[in-house]
Amino acid sequence: MMPGGELLYPSPQHQPATPPQQPHSTIITTATSELLEDETWVWSQIKAEARRDAESEPALASYLYSTILSHSSLERSLSFHLGNKLCSSTLLSTLLYDLFLNSFSTDPDLRSATVADLRAVRARDPACVSYSHCLLNYKGFLACQAHRIAHKLWIESRRPLALALHSRIADVFSVDIHPAAKIGKGILFDHATGVVVGETAVIGNNVSILHHVTLGGTGKSGGDRHPKISDGVLIGAGATILGNIKIGEGAKIGAGSVVLIDVPARTTAVGNPARLVGGKEKPSMHEDVPGESMDHTSFISEWSDYII
């Protein structure tokens, strides 16, 4: 049921004996309904948290009202907040608000990614105390949402504006993601400071990346030259991954590692230069999804005799 009581489908007793064969449109309608339901739930949580925080901390009441409680939807709140964060004396907040809101309102995939990212941060980061905390204060989350708009502009051939937005994101959030880079859903940029993602990099779904991670090239040659990060990967703080290489699904890259060649799925690479835990011929395999479990150190006993 849609807001206002309008049914998406007729009730079963009013359906014809042989429903019309519209599998594609039915799938689209169902997906849209699920997105609306999920987005509505997350937005209701954010508003409830903002009301609670405004009551407990009156000094924040005006701020919480202007950023969250005065808005009718998540995309309006996020567009307003990003516009204020990224504006400058020559790039006005009203211009950015209109740009962001138009993009979010007309692209369900953008809204779906935002909700997935909010859920990812809340689930994976024990320091995240609420959805509203993530929306307002997590610069990794905010940088990722702004990048999605810059990427949309890039693929629409509005590249000067995409690059201008990219520059503001780097200035404000200390996160440098080229607008051509492709990023999936359910992303956690934890702390995020110093993250660099190159032009032809691809990041899959449910990936977690910590601060000072570089997904870079190996020189000044053009073409497809940046890493491809598969679903469920965890990349530890300060890791450097260079070149057009693949980090396999569910792999783990240890903090401070330097990776220059492919890493197989479900394995752990650590060190400088990185090597596989368990050895190249028969690396140790793990069953969990590191990008979701956030387990950084389960490999340590196999890899090192480090003792304090």
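Details of the structure are given in the entry above.
No experiment lies behind these values; they were computed from the predicted model shown.

Participant: Even after reading the chapter, I still don't get helix α5 (residues 108-124), so can you show me in this structure?
Facilitator: For an α-helix, 3.6 residues make a turn, and residues three or four places apart therefore share a direction. Relative to the 24 Å expected for 17 residues at 1.5 Å per residue, α5 spans 24 Å between its end C-alpha atoms, a close match to the ideal helical length. Of the residues making up α5, those classed as buried are L110, R111, A113, T114, V115, D117, L118, A120, V121 and R124. Two to three positions downstream of the cap, the backbone nitrogen of D109 sits 3.0 Å from a side-chain oxygen, assigning the N-cap of α5 to D107.

Participant: Can you walk me through the packing of helix α7 (residues 139-155) against helix α8 (residues 159-173) in this structure?
Facilitator: The description of two helices packed together rests on the angle between their axes and the distance between the axes. Relative orientation of the contacting elements α7 and α8 amounts to 170°, with a least axis distance of 8 Å. On the basis of the axis angle, α7 is roughly antiparallel to α8. Residues K139, L142, A143, A146, H147, I149, A150, L153 and W154 of α7 form the contact with α8, whose own contacting residues are R159, L161, A162, L163, L165, I169 and F173. Residues of the contact of α7 with α8, tallied by class, amount to 13 nonpolar, one polar and two charged.

Participant: What am I meant to see in the side chain of T114 here?
Facilitator: Of note, T114 is situated in helix α5. The contact partners of T114, leaving out residues within four places of it in the chain, are L74, L78, F104, F141 and Q145.

Participant: Any chance you could explain the sheet that holds strand β1 (residues 175-177) here in plain terms?
Facilitator: Strand pairing in a sheet is mediated by backbone hydrogen bonds. Such pairs are either parallel or antiparallel. As summarised here, the arrangement of the five strands in space is β1-β4-β7-β10-β13, forming an open sheet in which the pairing is parallel. The open sheet terminates on both sides in strands that have one partner only, identified here as β1 and β13 (258-259). Here strand β4 (residues 195-197) pairs with strand β7 (residues 214-216) via two bridges, running parallel. Directly across from V196, in β7, lies its bridge partner T214.

Participant: Would you take a moment to explain helix α4 (residues 93-106) for this structure?
Facilitator: Relative to the 20 Å expected for 14 residues at 1.5 Å per residue, α4 spans 20 Å between its end C-alpha atoms, a close match to the ideal helical length. All of the buried residues along α4 are L96, Y97, L99, F100, L101, S103 and F104. Buried-residue contacts for α4 involve α3 (74-86), α5, α7 and α8.

Participant: Quick question: what am I supposed to make of empty space enclosed by the protein here?
Facilitator: By rolling a water-sized probe across the atoms, one finds the places where empty space is left. Taken as a whole and assessed by the stated rule, the structure comprises one cavity of 30 Å³ or more. Taken as a whole, the largest cavity encloses approximately 40 Å³ of empty space. The wall of the largest cavity is formed by E39, L74, E75, L78, F104, R111 and T114. Only α3 and α5 provide two or more residues apiece to the lining of the largest cavity. Counting residues per element, the lining of the largest cavity draws most heavily on α3, at three residues. Residue composition of the lining of the largest cavity, by class: three nonpolar, one polar and three charged.

Participant: Is there a simple way to think about the sheet that holds strand β15 (residues 275-276) in this case?
Facilitator: The six strands are arranged β3-β6-β9-β12-β14-β15 in an open sheet whose pairing can be described as mixed. A strand with exactly one partner marks an edge of an open sheet, and here the two such strands are β3 (188-189) and β15. Summarising the sheet, strand β9 (residues 234-235) and strand β12 (residues 252-253) pair through two bridges and their orientation is parallel. Note on β12: the bridge partner recorded for L234 is K252.

Participant: Explain the side chain of Q145 to me, please; I cannot follow it from the model alone.
Facilitator: If you trace the backbone, Q145 turns up in helix α7. The residues contacting Q145, other than those within four sequence positions of it, are L78, L82, F104, A113, T114 and D117.

Participant: Just to check I follow, could you spell out the packing of aromatic side chains for this structure?
Facilitator: Two descriptors summarise a pair of aromatic rings, namely the distance from one centre to the other and the angle between the planes of the rings. Under the definition given, this model contains one aromatic pair. Pairing W41 with Y131 gives two aromatic rings, centres 5.9 Å apart and planes at 90°, and the pair type is edge-to-face. Here W41, found in helix α1 (residues 23-56), pairs with Y131, found in helix α6 (residues 131-137); they are 90 residues apart in sequence, far enough to count as distant. On the basis of relative accessible area, Y131 is assigned to the buried category, the value being 9%.

Participant: Please clarify how the environment of Y63 should be interpreted in this entry.
Facilitator: When you line up the elements, Y63 lands in helix α2 (residues 61-69). Taking the relative accessible area as the measure of exposure, Y63 reaches 32% and is therefore partly exposed. Placed 13 residues apart in sequence, Y63 and A50 show a C-alpha to C-alpha distance of 9.8 Å. Once residues lying within four places of it in the same chain are set aside, the contact partners of Y63 are H81, L136 and N137.

About the thresholds
Residues numbered from 1 in each chain as written. Predicted model: local features only at pLDDT ≥ 70, side-chain atom pairs only at ≥ 80, totals over all residues. Heavy atoms only, no water. Helix = DSSP H or I, 4+ residues; strand = E, 2+ residues; numbered from the N terminus. Expected span 1.5 Å × (residues − 1). Buried < 20%, exposed > 50% of the residue type's maximum accessible area, 1.4 Å probe, protein only. Polar contact = N/O pair within 3.5 Å; in protein donor to acceptor, adjacent residues only side chain to side chain. Axes fitted to C-alpha atoms, helices over the stretch in contact; angles between N-to-C directions. Parallel < 35°, antiparallel > 145°, perpendicular 65-115°, else oblique. Contact = heavy atoms within 4.5 Å. Nonpolar A, V, L, I, M, F, W, Y, C, P; charged D, E, K, R; others polar. Pairing = 2+ DSSP bridges. 1 Å grid on protein atoms, 1.4 Å probe; cavity = no way out; pocket = protein on both sides within 12 Å on 5 of 7 lines; lining within 4 Å. Points joined across faces, edges and corners; volume = space filled by probe spheres on them. Phe/Tyr/Trp six-rings, centres within 6.5 Å; stacked < 30°, edge-to-face > 60°.

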